[in-house]
Amino acid sequence: MGLVEKVLGFVFENPAFLVAVVLVVLFIAGLSVLTSGLKPGKNPFEVDSTRKPEALVTDQSARDKVLKQGFAAKKVPDNVDAIIVGSGIGGLSVASLLAKAGKKVVVLEQHDQAGGCCHTYIEKGFEFDVGIHYVGELRNNTMFKTYLEQITEGQLLWADLDDNFDNVVIGEPGKPKYFPLYCGKDKLRQCLVDQFPQEEKAIDEFFKLLKECRKSMMGHIMTKTLPPWLASILSSTGLINMMTTYYKMSQRSVQEVLEELTDNKDLQAVLAYSFGDYGTIPSEGSFAMHAALLNHYIYGSSYPVGGASEIAFHIIPTIEKAGGKVFVRAPVSQILVDKDGKAVGVRVHKSSGDIDLHAPIIISDAGFYNTVERLLPTKIAEKAGYKSITQDIRHGPGALSLFVGLKGTKEELGLRASNWWSFTNNQLSPTCKEYMAQTAEQAGENPIPLLFVSFPSTKDPTWEQRYPGKSTCAVITLGNWEWFQEWENERVMKRGEEYNKIKDAIAERMWEQTCLLFPQIKDKVEYFEIGSPLTNKYYIAAPKGEIYGLDHNKERFSPQVVSSLRPKTRIPNLYLTGQDVLSAGFAGAMFGGFLCASAVLNRNLMTDLLKLKKEIAKSK
């Protein structure tokens, strides 16, 4: 036995010694931070900034003055503290936190309105939310709720969905089996036991795993906040697994875990149904990610009162209070790096001539791939070692979104505030793989294995007041980028007959299957439009038409990759925010912004937020 084997054998046979060593290393790491000369920034959670909610602003011109502020060099404030590329929730949340800490921040958005996937559009008398369908952890006094209330000053209100918030439908079109799911841990458990009475043991074990994953989530965050060298040592030696159980779950697939729990394929499908919320099929998706999502929704879900654009509408004023601005039609073409390799600004592309803006802090909410492959100079990205990281991760799958305007109220159409997940069979992974491997023409001819069906108008209590006699339907499925790639460089709305033929065929197929679930809406269509992966690239700058950023497979959640996808990059003064920092979705991207703000301000915002949360609870 060699020396290394003897040392490792001793270490693992003496856990007390191992713990002592880890504590010493952590102490040294903490001491290095304290003596680094970096002073913590101001606490953005110093005081409760919520106030009495004001009336909903429905005047579109007044809303546009906030959400559609066009970029011009003369409008940019002087002495900017930070520039943020992208106005998705990852960008807006970190901008708000920095503003609350006294920083003057400028946010640059390439689209014609702020919000990223939180924006809405109005067409033919209908308003459509493009990315927000339901959000969890807002019915109880959670950290997430407190955080969101602070960056919107309590002006963003939420309406609860039905307790039966999700419905799983399994079976070929026209021959479905329904599995309603209810919020509340006990209610959810009971409805599953009622539908699968022979599987009570497996269901209980599943809930134990959810609890274990929830407790271990701090291990995920810890890996991003430890010094890179320390995280590397802990990961490469396996010592990190002595500190957290997170990676024992993150390195197992959803399918692997479920197959150990039960042989019942319907139950496996029902427990895996929400993989569509992050886009990775169960055979490849990380169970830790899946568990985090289910834990997010387990106590109920909600929807923004007034629609998804309310999110950006109420965050932007908090940025402006500190002298900052949020500009649209400001496409950033490059992150500027000086001769010492430090990020010093950005270049905004304008037809009249590019404009360079400078700031001591640059933050990218453009996504990991866009940042390292498009915005950073190639030599800089390669020198920082980001090319090797791209070999361990991949783009998430593309998506197609169908937006349908309907004649009739929710009462007239028999619709309610819930979601439906429709699968053609209970073999979720192989069926989705087969579908994605088809040609574009075949995709429009064959059954679509996964549909998410929702009626946003039923979830917003102000909808009938704003759009009387109308309803909306959103249908989403996964789509292969390669089906549409040949039209990538064509102008939007000018991609030609063949492109329209392919996407319209898929849209008709999606609608046909939707109407088998809801036959009462078939003849009520007044507006019908589908967005392809190319649409996603145009409006939200998704490189491969993905809506969830990086793929959420096991490799993405390995300790090595988790440590690499941290807010503070290897390029001085450059930071990352958004869903690629943590995970997909509204909450994931928001907490990506939270971690980014913590890194920029060099302070533990989790402690600050927890303290404020407790103070608010005491005052009520």
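Residues numbered from 1 in each chain as written. Predicted model: local features only at pLDDT ≥ 70, side-chain atom pairs only at ≥ 80, totals over all residues. Heavy atoms only, no water.

1. Here we look at the pattern of salt bridges
Where we set the bar: Salt-bridge detection follows one rule: a side-chain nitrogen of Lys or Arg within 4 Å of a carboxyl oxygen of Asp or Glu. Note on conventions: DSSP H or I runs of at least 4 residues are helices, E runs of at least 2 residues are strands, and numbering of each starts at the N terminus. In this scheme, a residue with accessible area under 20% of its type's maximum is buried, one over 50% is exposed, and one in between is partly exposed, where area comes from a 1.4 Å probe on protein chains only.
Under the criterion given, the structure shown has 30 salt bridges. For Asp163, the salt bridge identified is with Arg139, shortest N-O distance 3.1 Å. Placement of the pair is Asp163 in the loop between β6 (158-160) and β7 (166-170) and Arg139 in the loop between β5 (135-136) and α5 (143-151), with a sequence separation of 24 residues. Where Asp608 meets Arg603, a salt bridge forms, and the shortest distance between an N and an O atom there is 2.7 Å. Overall, Asp608 belongs to the buried group, its relative accessible area being 10%. One continuous salt-bridge network, built from bridges that share partners, spans Arg51, Glu54, Glu153 and Lys321.

2. A look at the sheet that holds β6
Rules: When DSSP finds two or more bridges between a pair of strands, those strands are recorded as paired.
If you trace the three strands from one edge of the open sheet to the other, you get β5-β9-β6, paired in antiparallel fashion. Where the open sheet ends on each side, the last strands, each with one partner, are β5 and β6. Inspection of the sheet shows β5 paired to strand β9 (residues 301-304) by two bridges, in the antiparallel sense. Bridge pairing in β9 links Gly136 to Ser301.

3. Description of the confidence of the model for the protein
In regions of low pLDDT, the predicted coordinates are not meant to be interpreted in detail. Which entries qualify depends on this criterion: pLDDT expresses, on a scale from 0 to 100, how confident the predictor is about each individual residue. Any two residues whose heavy atoms approach within 4.5 Å at even a single point are treated as in contact.
Averaged over every residue, the pLDDT of the protein is 93; the share at 70 or more is 94%. Here residues 27-36 is modelled with pLDDT under 50, and outside its nearest four sequence neighbours on either side it reaches four contacts, counting other chains as well.

4. Section: the packing of α5 against helix α27 (residues 605-619)
Heads up, the rule is: Between N-to-C directions, angles span 0 to 180 degrees; the directions come from axes that are lines fitted to C-alpha atoms, helices contributing only their stretch in contact. These descriptions rest on fixed angle ranges, namely under 35 degrees for roughly parallel, over 145 for roughly antiparallel, 65 to 115 for roughly perpendicular, and the rest for oblique.
Where α5 contacts α27, the axes come no closer than 10 Å and their chain directions differ by 90 degrees. Considering their axes alone, α5 and α27 lie roughly perpendicular with respect to each other. Facing Met143, Thr146, Tyr147 and Gln150 of α5, the residues of α27 in contact are Met606, Leu609, Leu610, Leu612, Lys613 and Ile616.

5. Points about empty space enclosed by the protein
A water-sized probe rolled over the atoms picks out the places where empty space is left. What counts, and what does not: The distinction between a cavity and a pocket rests on a 1 Å grid over the protein atoms alone: a 1.4 Å probe fits inside a cavity but cannot get out, while a pocket stays open yet meets protein on both sides within 12 Å along at least five of seven lines, and a residue with an atom within 4 Å of a point counts as lining. Grid points are joined across faces, edges and corners, and a volume is the space filled by probe spheres set on the points. As a working rule, the residues Ala, Val, Leu, Ile, Met, Phe, Trp, Tyr, Cys and Pro are called nonpolar, Asp, Glu, Lys and Arg charged, and the rest polar, with Gly in that last group.
In the structure shown here, the tally under the stated rule is four cavities of 30 Å³ or more. Taken as a whole, the largest cavity spans an internal volume of roughly 140 Å³. Breaking the lining of the largest cavity down by element, the ones donating at least two residues are α6 (185-195), α7 (200-225), α12 (265-272) and α13 (287-297). A total of three residues in the lining of the largest cavity trace back to one element, the largest contributor, which is α7. Its residues placed into classes, the lining of the largest cavity shows 13 nonpolar, no polar and no charged.

6. With respect to the sheet that holds β7
Backbone hydrogen bonds are what pair the strands of a sheet, in a parallel or an antiparallel way. Here seven strands make up an open sheet; going across it, the order is β8-β7-β16-β17-β18-β15-β19 and the pairing mixed. Edge strands, defined here as strands with exactly one partner in the open sheet, are β8 (177-181) and β19 (525-531). In this sheet, neighbouring strand axes are inclined to one another by 15 degrees on average, regardless of whether the strands run parallel or antiparallel. Pairing analysis gives 10 bridges linking strand β15 (residues 398-407) to strand β18 (residues 470-479), with the strands arranged antiparallel. Of the residues in β18, the one forming a bridge with Leu402 is Val475. Across the sheet, helix α23 (residues 497-517) touches β7, β8, β15, β16 (419-423), β17 (450-454), β18 and β19, and the angle it forms with β19 is around 125 degrees.

7. A few points about the environment of Ala101
Here Ala101 is to be found in the loop between α4 (89-100) and β2 (105-108). A residue is classified by how much of its surface remains accessible, and Ala101, at 5% relative accessible area, is buried. Sequence separation between Ala101 and Gln520 is 419 residues, and the spatial gap between their C-alpha atoms is 52 Å.

8. Some details on the environment of Ala505
Topologically, Ala505 is positioned in helix α23. A residue is classified by how much of its surface remains accessible, and Ala505, at 30% relative accessible area, is partly exposed. In the structure, Ala505 is positioned 64 residues away from Glu441 in sequence and 8.1 Å away in space, judged by C-alpha atoms.

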